[in-house]
Amino acid sequence: MAKTVNKGPVKQAGKAKPVQLSSKARWAYMGIVFVSAFVLYANTLQHSYSLDDDIYTRKNRFVLEGFKNGFSTAMSNVFAKGSLVGFNNANESNYRPIVVLNFMIDHYFFDDKSNIENLPHREHLVNVLLFGLTCVILLLLLQKMFKNFNPLLPLIITLVFVFHPVHTEVVASIKSRDELLAWLFGVCSFYYLFRYVEVLLPVKKPEAGKMLGLTILFFFLSILCKEGSLMFVFIVPLLLFFFTEVPVKRIVQLSLYPAALILIYTI
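Analysis parameters
- Numbering of residues begins from 1 in every chain and follows the order in which that chain's sequence is written.
- Confidence filtering applies because this is a predicted model: local features only for residues at pLDDT of at least 70, side-chain atom pairs given and counted only at 80 or more, and all residues used for totals across whole chains, interfaces and linings.
- The basis for every side-chain value is the complete set of non-hydrogen atoms in the structure, without hydrogens or water.
- Looking at any residue, its pLDDT shows the predictor's confidence there, from 0 to 100.
- Whether two residues are in contact is decided by their heavy atoms: any pair within 4.5 Å suffices.
- What counts as an axis is a line fitted to C-alpha atoms, over the stretch in contact for a helix, and the angles between N-to-C directions run from 0 to 180 degrees.
- Only DSSP runs of H or I reaching four residues or more are called helices, and only runs of E reaching two or more are called strands; each is numbered from the N terminus.
- Crossing handedness: left-handed means the near helix sits turned counterclockwise from the far one by under a right angle, and right-handed means the same turn made clockwise.
- Given the number of residues in a helix, its expected span is that number minus one, multiplied by 1.5 Å.
- Exposure categories follow from relative accessible area, calculated using a 1.4 Å probe and restricted to protein chains: below 20% of the type maximum is buried, above 50% is exposed, and the middle band is partly exposed.
- What is meant by a nonpolar core is a set of buried Ala, Val, Leu, Ile, Met, Phe, Trp, Tyr and Cys residues, joined one to another through side-chain atoms within 4.5 Å.
- Under the pairing criterion, centres of Phe, Tyr and Trp rings, with the six-membered ring standing for Trp, must be within 6.5 Å; the plane angle then separates stacked pairs below 30 degrees from edge-to-face pairs above 60, leaving the rest tilted.
- A 3.5 Å cut-off defines polar contacts: any pair of N or O atoms within that distance qualifies, except that in protein one atom must be a possible hydrogen donor and the other a possible acceptor, and neighbouring residues in sequence count only when both atoms are side-chain atoms.
- Within this document, salt bridges are pairs made up of a side-chain nitrogen of Lys or Arg and a carboxyl oxygen of Asp or Glu, the two lying within 4 Å of each other.

Now for the confidence of the model for the chain. For the chain, the average pLDDT comes to 89, and 90% of its residues sit at 70 or higher. Across residues 1-14 the pLDDT falls below 50, and counting only partners more than four positions away or on other chains, this stretch makes zero contacts in the model.

This is the structure:
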């Protein structure tokens, strides 16, 4: 009689399970990314202004006035005019109100009449902190995108992003706060888009509406920081198609939200 060989339980084909990082490891990864970004650009903290910085700092009258003439006047200067009016009185198509507001807040908290030379150092510090924060959120986004891969992969990709020299001009230039804020809000939007998918599939959970709302909010804030973020409208369907299991019909529906925001921005 032939012997029956027990080969153990048969593995069933199926989807790879997400790799779960411990809370301690997650915080360690975020710490590595943030500290790397900060240390890399810490040398910029001693820099002064560059020529382009005047657009949003020393020669922008709306930023210098801040909230001295009342909150409503400040908001009108920020949101009802082009972003270069305070610099050169030209109401051009450049519309980046969140950036102007950000520099107004900077000036309100950091302006030191007794030692004006400290102001650029503090504004460089904000740039470095924003870059570090953006890199951390990028790590969290990549962990969502590559959840079935080795946890080191998102960390490595993020560190390559951190150390890539192409970012030097943006981080080292105070004026390029517009780029930093646009990318920060853009990454936040993509992150909450994946959070939305997580609470949407397979069964829609109550917090889905909140996640979608945050996705839309951060996308719009990104556009209000720099018009280059308009191109993110093409990234949304690609992210959903290649990195989620959302049906194509639903992807098309979700892509209508950023398209509508672009229409609102244009108006």
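After presenting the structure, the write-up continues.
Running from N to C, helix α10 (residues 208-223) and helix α12 (residues 248-266) cross one another at 35°; their axes reach a closest spacing of 10 Å. Relative to α12, α10 is oriented so that their crossing is right-handed. Contacts between α10 and α12 involve Leu 212, Ile 216, Phe 219, Phe 220 and Ile 223 from the former and Leu 254, Tyr 257, Pro 258, Leu 261, Ile 262, Ile 264 and Tyr 265 from the latter.

Okay, helix α5 (residues 97-110) next. Since the α-helix turns once every 3.6 residues, residues separated by three or four places project in the same direction. An ideal rise of 1.5 Å per residue puts 20 Å on 14 residues; α5 measures up with 20 Å between its terminal C-alpha atoms. Burial runs high along α5: ten of the 14 residues are buried. Among all positions of α5, only Pro 97, Ile 98, Val 99, Val 100, Leu 101, Asn 102, Phe 103, Met 104, Asp 106 and His 107 are buried.

Turning our eyes to something else, we now look at the nonpolar core. Judged by nonpolar contacts, the single largest core of 78 residues is most densely connected at Phe 131 and Leu 240. At 15 residues, the largest contribution of residues to this core is made by helix α9 (residues 177-200). Those residues in contact with Phe 131, other than ones at most four positions away along the chain, are Ala 37, Tyr 41, Phe 161, Val 162, His 167, Val 171 and Leu 180.

Counted by the stated rule, this structure contains 16 aromatic pairs. When the centroid spacing of 5.3 Å and the interplanar angle of 65° are considered together, the rings of Phe 190 and Phe 232 count as edge-to-face. Placement of the pair is Phe 190 in helix α9 and Phe 232 in helix α11 (residues 232-243), with a sequence separation of 42 residues. Given a relative accessible area of 3%, Phe 190 falls into the buried group. Summarising the aromatic geometry, the rings of Tyr 192 and Phe 218 are spaced 5.7 Å apart at their centres and angled 10° between planes, so their arrangement reads as stacked. Placement of Tyr 192 in helix α9 and of Phe 218 in helix α10 is noted, with a sequence separation of 26 residues between them. With a relative accessible area of 16%, Phe 218 lands in the buried category.

On to the environment of His 167, then. Examined against the element boundaries, His 167 turns out to sit in the loop between α7 (152-163) and α8 (168-172). We classify His 167 as buried; its relative accessible area is 14%. As for His 167 and Phe 131, which are separated by 36 residues in sequence, their C-alpha atoms are 9.3 Å apart. Those residues within four positions of His 167 in sequence are excluded, and the remaining contacts are Tyr 41, Phe 131, Phe 161 and Val 162. In this structure the side chain of His 167 is engaged in a polar contact, spanning 2.9 Å, whose partner is the backbone oxygen of Phe 161.

Further remarks concern the side chain of Ser 229. Tracing the chain through its elements places Ser 229 in the loop between α10 and α11. Excluding residues that lie within four positions of it along the chain, Ser 229 makes contacts with Ala 182, Phe 219, Ser 222 and Ile 223.

Okay, the side chain of Lys 226 next. Here Lys 226 shows up in the loop between α10 and α11. Under the relative-accessibility criterion, Lys 226 is labelled buried at 16%. With residues near it in sequence (within four places) discarded, Lys 226 still touches Arg 96, Lys 175, Asp 178, Glu 179 and Ala 182.

A few words now on the pattern of salt bridges. With the rule as written, the count across this model stands at eight salt bridges. Residue Arg 58 pairs with Asp 54 through a salt bridge whose shortest N-O separation is 2.8 Å. Among the residues examined, Asp 54 registers a relative accessible area of 6% and is labelled buried. Here Lys 144 and Glu 198 are joined by a salt bridge, their closest N and O atoms 3.1 Å apart. One end of the pair, Lys 144, is in helix α6 (residues 118-145); the other, Glu 198, is in helix α9, and 54 residues separate them in sequence. Each of the salt bridges in this network shares a partner with another, and the network as a whole consists of Arg 96, Lys 175, Asp 178 and Glu 227.

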